[in-house]
Structure formats: C-alpha cells, structure tokens
Amino acid sequence: MSAPTPTPAAAGSEGGTASMFRSGSALDVELNGINEIHVSQHKGIPRDLFWPWFAANVSVLGISYGSFLLGFGISFWQASLVGLIGIVVSFLFCGFIALAGKRGHAPTMTLSRAAFGINGNRVPSALSWLLTVGWETVLASLAVLATATVFTELGWEGGVLTKVVALVVVAALIVLGGVLGFDFIMRLQRWITVITGILTVVYVILVADQINVDTLAAIPGGGTPQVVGALVFMMTGFGLGWVNAAADYSRYLPRSASSAGVVGWTTFGASLAPLILLFFGLMLAGSSPALSEAIAIDPIGALTTILPVWFLVPFALVAVLGLIGGAVLDIYSSGLALLSTGLRAPRYVAAGIDGVLMVLGAVYLVFFAANFLGPFQGFLITLGVPVAAWCGIFMADVLLRKKSYAARDLFDPAGRYGSVRVLAVTLIGLGTFVGWGLVTNGFASWLAWQGYLLEPFGLGGRDGAWAYANLGVLAALLIGFLGTVLLGRGTVRAQEALPVPADDADDADDADDAGRDQAPRA
C-alpha cells in the first residue's frame, strides 16, 4: 500500500477546507474526513454516481423483498405498484440530498449542521451512525448465511466452521473498503456492478420456469392499511435507508456539475436494479408459498434451493459481492457519521471501530437469532421514524437555501449556524414521538411499547387494521419537512445574509473557474 501525503490537518478533525489527500492510487488510504473537500480535489461528473449507487443496490436481497411485500397481504399487482413508487420516490430523496454534497463538498452529516447547529447535529449524526452500522451488519450477516447455505446445498460443510470463515473473509473485505475510502470504493463498485449484473441475469434465466402466472393472478388483494404499510416498508428498506449518506458520494464533484444530473444519476443508479429484482422476486415468491416462507428465515440462502447445482458457486459469488457492495458504502458513511458525533480520530480509525461492531452484530444474527425477518423489520421501522424526520428537515433546509454553505462555520459553534438550532431539534423530537406512536413492531417484545397513539387517534389501537401500516414514518417525514418550510425560512435567510469569509469565497470562485475549464457533463 502506498502512503498518501497528508497536509496540515488530521483526518476527521474539526476543520474547514484543508487539502488533505493526494492520492495516485486506489490503494492509498483516504485521509479526508468530515472536512470540506478542497477545490483542488474536485473531480468527476454526475454520471459517475451511477456506479456506487447501482452496485450498492444490486444485491439479490432485492429478490427477497418480493416475499416481504406479499407478506403484508396484498396482491401481486398491488405489490408491484407499491414497489415502484416506494423505490423511486425514496431514492429521489437521496438524489435531492446528493445536491447538498455538490454544493457544500462535505459529508451529509457535516452539512446537516447548517440545519441543526454544530452541537445539535450530534443527535442526527448518532442516528445516522446507528442506521448505517445496522445495515452493514445485516448485509454482512446475509453474506455469511448465503455462503453457508450454498456449501450445504453442494454437500460440503456448511456449519459453524464455514460460517466463521465466511464471516472473517466478508468482514475483512468490507472493512478494507471502509478504511481505504472513496477512490477504492468508486473503482470497486464498477467491478461489482459488472460482475453481479451479468450473474444476476443468468440467475433470472435459470429460475424463470418457477413462475406460475395463474398462481400470481389468484393472490387476493389487501386493503388500504396493508398497501400503505407495504409502501412505507419499501421506502425504509431502500431510499430512506440511504438518505443520511447520500451527499457522501457527490461531495467530490465540482460545484458547476449539473444539478439535474446529480439527482437523476443518483436516483436512476440506485433504483434500476431493485426495481427489476423486486418484480422478479414478486413473481417467484407469489408462485411458491413454501419459497416465500423459507425466505423469511434465510432471505438469500432460500433462493439457492431452486437452482441447478452447477450454478451454486456463481450464485454465492453474486450474492456475496452484491451484499459487500452495499456494506462497503455503509461502513464508509458510518465512519463519517461517527466522526460527526464528536469522535476525534482519523476517518479510517472510525471505519475500523464500526467494523468491530459489525462483526459483533453479525455473530448475533448468524449464530443466535432464530429468525432474520423479525429483527430486520423491527430495526427498519424503529430507526426509520427518526431518520424520516431528519430527512424531511434536511430536504426542506436544502430547498430553502439559495447560496452555498459557509464551510468554516460548519465547524464553529459560534458561527452563523450556531451551536444548537432549537427548531430542528424540536422537530426531530416531535416527529419521532408522533412517529413511534403510530407504528407497531410485533417482531420483538422490547418494541411492544410502540403504537401508543393508534388508539387516541382513532386508528383501532395496536390490534386495529392500521396497526401495521407504519403511518409513523410518513408522519415523521411530513412533520420534519413542513415544520422546517413553514418556520425555518427566516433562519436560513439570516444565515445567508451574513458575509462569506474570504477563504470560502476564494474557494467558490476557484470552483467556478475550474468548472468552466472542465466543462462538466451530465
């Protein structure tokens, strides 16, 4: 591994625009942390965003979502429409938030300080960290389970030893990507996209004969509560699981890059594979109740039971690579979120800490949890509520802003963004309180306290028709967005009325000049 040449500031430190990373190889360790990316490092075009977002979402777990959706008691066509809307709309949120990365050249959770204040932002940063660590743990666990299942199907040892070895290998690959950082991840995701894309097409062709159109047509439809619940589940399982990291991968783009291109390529790259995989998964799960039940226990491994033996090894490759592609982005962003909570350490150290927690969580899911789907849904909905509230607040804040961020003030509690912004902190608290009161989680006993507003709001209580509609996620999103739009405009205008520090102004001018020279394309 070649050694990068750092300049003045330490990675992950509270600082403004220090030029910290001079990389000539994807194997150099990225030293940029939560700082603003210096203008000399701005690079790429919006089209480059396709690769990381596609690779992170091409996992065959998308096929398993077909079973998850039908489990809400809705028809094949209802599930198809819900999947389309839930995936595209939630990833459109990611595309919009990615705009902030292009404008501010800093990670998502650094830019969130403009809305929450430098110290107030520790709350959403901690939530973001929990969500991304949770996701990387889930994806690593699925990769291990898939490997063990393939070994068993081949007649090899698929027990504890195989799982331990698989966990070590998978965790090492994920942590390596998180430690090396941005350039390595961008190149890795291109290879994952190509390999998993080709092998996934082969998988679809091999098992297409399992689809029974008559059985699909006979699946009864569900009512409005079931459809809404399925829609919210799709949003939390896809785009809302990424919104807190969406600016992390656009922050190296020049400020003059096409805004429409940033939104479009992020949304398209992230949505394309899940849409195709989900539709196919709906057809498979809807055609076989036995397969659908098996997916709830082992979402990836169950898909091997309908494959010819000769394709089991290639399937293991596509499954593991796809899951690693998502987990690598998660561990990278979780490290940045951990730094935003106040940890003073290099970015790669933060990624290493998250890697240790990922392994501990994966050990529980792989060796001790009796069922995957229950803990998974409980995790998604419980954290999905406060993250949805943050998403609404941050999207509204980005919408209200007409000027670029003042980079140095993002690290100064005495600056224009302040220490704690009461409105944003209040809204995320209110959104979370209302949201948790309107969701239920029968998947784990420790979540039985949720749903406390279903009865007072006339929605039938925890046993009513709306109990599993997950209305709390939508409520939290709207509370955050509408509250910021209606009450936060004056604060944003006051922030933008203050003079821009000379260094920030110079950087903006340099970025504009560089953009004109490069003539970036969409």
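Residues numbered from 1 in each chain as written. Predicted model: local features only at pLDDT ≥ 70, side-chain atom pairs only at ≥ 80, totals over all residues. Heavy atoms only, no water.

Some remarks on the overall build of the protein chain
The line we're drawing: Secondary structure elements follow DSSP: runs of H or I of four or more residues count as helices, runs of E of two or more count as strands, with numbering from the N terminus. Per-residue accessibility, obtained with a 1.4 Å probe over protein chains only, is compared with the maximum for each type, and a residue is labelled buried under 20%, exposed over 50%, and partly exposed between these values. Exposure was quantified through the Shrake-Rupley algorithm and a 1.4 Å probe, taking into account, for residues, occlusion by the shown protein chains and nothing else.
Along the backbone of the protein chain there are 19 helices and zero strands. When the 522 residues of the protein chain are sorted by exposure, 60% land in the buried category. With the model as given, the accessible surface of the protein chain reaches about 18700 Å², and the carbon-plus-sulfur share is 69%.

Describing a nonpolar patch on the surface
Just so we agree on the cut-off: Each patch is built from residues lacking any salt bridge and having more than 30% relative accessible area; the joining distance is 9 Å for like charges and 5 Å for nonpolar side chains (Val, Leu, Ile, Met, Phe, Trp, Tyr). Only one rule defines a salt bridge in this text: a Lys or Arg side-chain nitrogen within 4 Å of an Asp or Glu carboxyl oxygen.
Together, Tyr348, Val349, Ile353, Val356, Leu357 and Leu360 give the surface a local cluster of nonpolar side chains, amounting to about 480 Å² of exposed area. Mapped onto the elements, Leu357 comes out in helix 14 (residues 347-367).

Describing helix 16 (residues 422-437)
Selection criterion: Take the residue count of a helix, subtract one, and multiply by 1.5 Å to get its expected span.
Counted at 1.5 Å a residue, the expected span for helix 16 with its 16 residues is 22 Å, and the 22 Å between its end C-alpha atoms agrees. Within the span of helix 16, buried status applies to Ala424, Leu427, Ile428, Gly431, Thr432, Val434, Gly435 and Gly437.

Some thoughts on the packing of helix 1 (residues 50-57) against helix 13 (residues 312-340)
Condition: Lines fitted to C-alpha atoms define the axes here, with helix axes fitted over just the stretch in contact, and angles between the N-to-C directions of these axes take values from 0 to 180 degrees. An angle below 35 degrees is read as roughly parallel, one above 145 as roughly antiparallel, one from 65 to 115 as roughly perpendicular, and any other as oblique. For any pair of crossing helices, the crossing counts as left-handed if the nearer helix is rotated counterclockwise from the farther one by less than a right angle, and right-handed if it is rotated clockwise. Note on contacts: a residue pair qualifies if any of its non-hydrogen atoms lie within 4.5 Å across the two residues. Gly is placed with the polar residues, together with every amino acid not listed as nonpolar (Ala, Val, Leu, Ile, Met, Phe, Trp, Tyr, Cys and Pro) or charged (Asp, Glu, Lys and Arg).
It is at 6 Å that the axes of helix 1 and helix 13 come closest, and there the two elements cross at 120°. Taken together, the axes of helix 1 and helix 13 are oblique relative to one another. Our pair here, helix 1 against helix 13, has a crossing hand that is left-handed. Here Pro52, Ala55 and Ala56 of helix 1 come into contact with helix 13, specifically with Gly322, Gly325, Gly326 and Leu329. Split by residue class, the contact of helix 1 with helix 13 holds four nonpolar, three polar and no charged.

Comments concerning the nonpolar core
Across soluble globular proteins, nonpolar side chains show a tendency to be buried alongside one another. Threshold: Only buried residues count toward a nonpolar core, which is a set of Ala, Val, Leu, Ile, Met, Phe, Trp, Tyr and Cys residues joined through side-chain atoms within 4.5 Å.
In this structure, Tyr203 and Phe315 are the most contacted members of the largest nonpolar core, which totals 136 residues. Sort the elements by how many residues they give to this core and helix 13 lands first, with 17 residues. Discounting residues that sit within four places of it in the chain, Tyr203 has contacts with Ile63, Phe280, Leu284, Leu303, Ile306, Leu307, Phe311 and Phe315. If you look at the next biggest cluster of nonpolar residues, it comprises seven residues, including Val434, Leu453, Leu459 and Ala475.

Notes on the pattern of salt bridges
Under the defined criterion, the tally for this structure stands at five salt bridges. Where Arg401 meets Asp397, a salt bridge forms, and the shortest distance between an N and an O atom there is 2.8 Å. Side by side, Arg401 and Asp397 carry an identical accessibility label, which is buried.

Thoughts on the confidence of the model for the protein chain
Here is the rule we go by: As a per-residue quantity, pLDDT reports the predictor's confidence and falls between 0 and 100.
When the pLDDT values of the protein chain are averaged, the result is 85; 89% of them are 70 or greater. The spread of mean pLDDT over the elements of the protein chain runs between helix 19 (residues 502-518), the lowest at 45, and helix 16, the highest at 97. Segment residues 15-23 is flagged for pLDDT under 50; beyond a separation of four residues in sequence, or across chains, it makes 47 contacts in the model. This model gives residues 509-522 a pLDDT under 50, and the stretch forms 20 contacts once residues within four places in sequence are excluded.

Regarding the state of the cysteines
Definition in use: Here, a disulfide means two cysteine sulfur atoms that sit within 2.5 Å of each other.
A full pass over the atoms with the stated rule returns zero disulfides. Cys94 forms no disulfide, and the closest cysteine sulfur to it belongs to Cys391, at a distance of 7.5 Å. The class of Cys94 is buried, set by a relative accessible area of 0%.

Section: the packing of aromatic side chains
As a reminder, the rule being used: Aromatic contacts are taken between Phe, Tyr and Trp rings whose centres are within 6.5 Å, Trp giving its six-membered ring; a plane angle under 30 degrees counts as stacked, one over 60 as edge-to-face, and the others as tilted.
On inspection of all chains with the given rule, the structure shows 23 aromatic pairs. Taking 5.2 Å as the distance between ring centres and 35° as the angle between the ring planes, the aromatic pair formed by Tyr203 and Phe315 counts as tilted. A residue pair is termed long-range when its members are at least 10 positions apart, and Tyr203 in helix 8 (residues 182-207) and Phe315 in helix 13 qualify at 112 residues. The class for Tyr203 is buried, based on a relative accessible area of 0%. An aromatic cluster is built from Tyr65, Phe68, Phe72, Phe91, Phe233 and Phe238, whose rings are joined through pairwise contacts.

Considerations on the environment of Ser271
Rules: Nitrogen and oxygen atoms within 3.5 Å of one another constitute a polar contact, given that in protein one can donate a hydrogen and the other can accept it, and given that sequence-neighbouring residues count only through two side-chain atoms.
On the secondary structure map, Ser271 appears in helix 11 (residues 259-287). On a C-alpha basis, the gap between Ser271 and Leu84 in space is 8.9 Å, while along the polypeptide they are 187 residues apart. Look past the residues within four positions of Ser271 in its chain and what remains in contact with it is Ile87, Val88 and Phe91. At a separation of 2.8 Å, a polar atom in the side chain of Ser271 contacts the main-chain carbonyl oxygen of Thr267.

What to know about helix 18 (residues 489-497)
Basically, it comes down to this: The arc in question is traced by the directions running from the helix axis to the C-beta atoms.
Looking only at helix 18, the buried set comprises Val492, Gln495 and Glu496. One face of helix 18 carries all of its buried residues, which in axial projection span an arc of 95°.

Quick word on the environment of Pro52
Inspection of the secondary structure puts Pro52 in helix 1. Pro52 gets classed as buried once you look at its relative accessible area, which sits at 0%. Sequence-wise, Pro52 and Leu329 are 277 residues apart; in three dimensions their C-alpha atoms are separated by 7.9 Å. If near-sequence neighbours (up to four positions away) are discounted, Pro52 is found in contact with Met186, Gln189 and Leu329.

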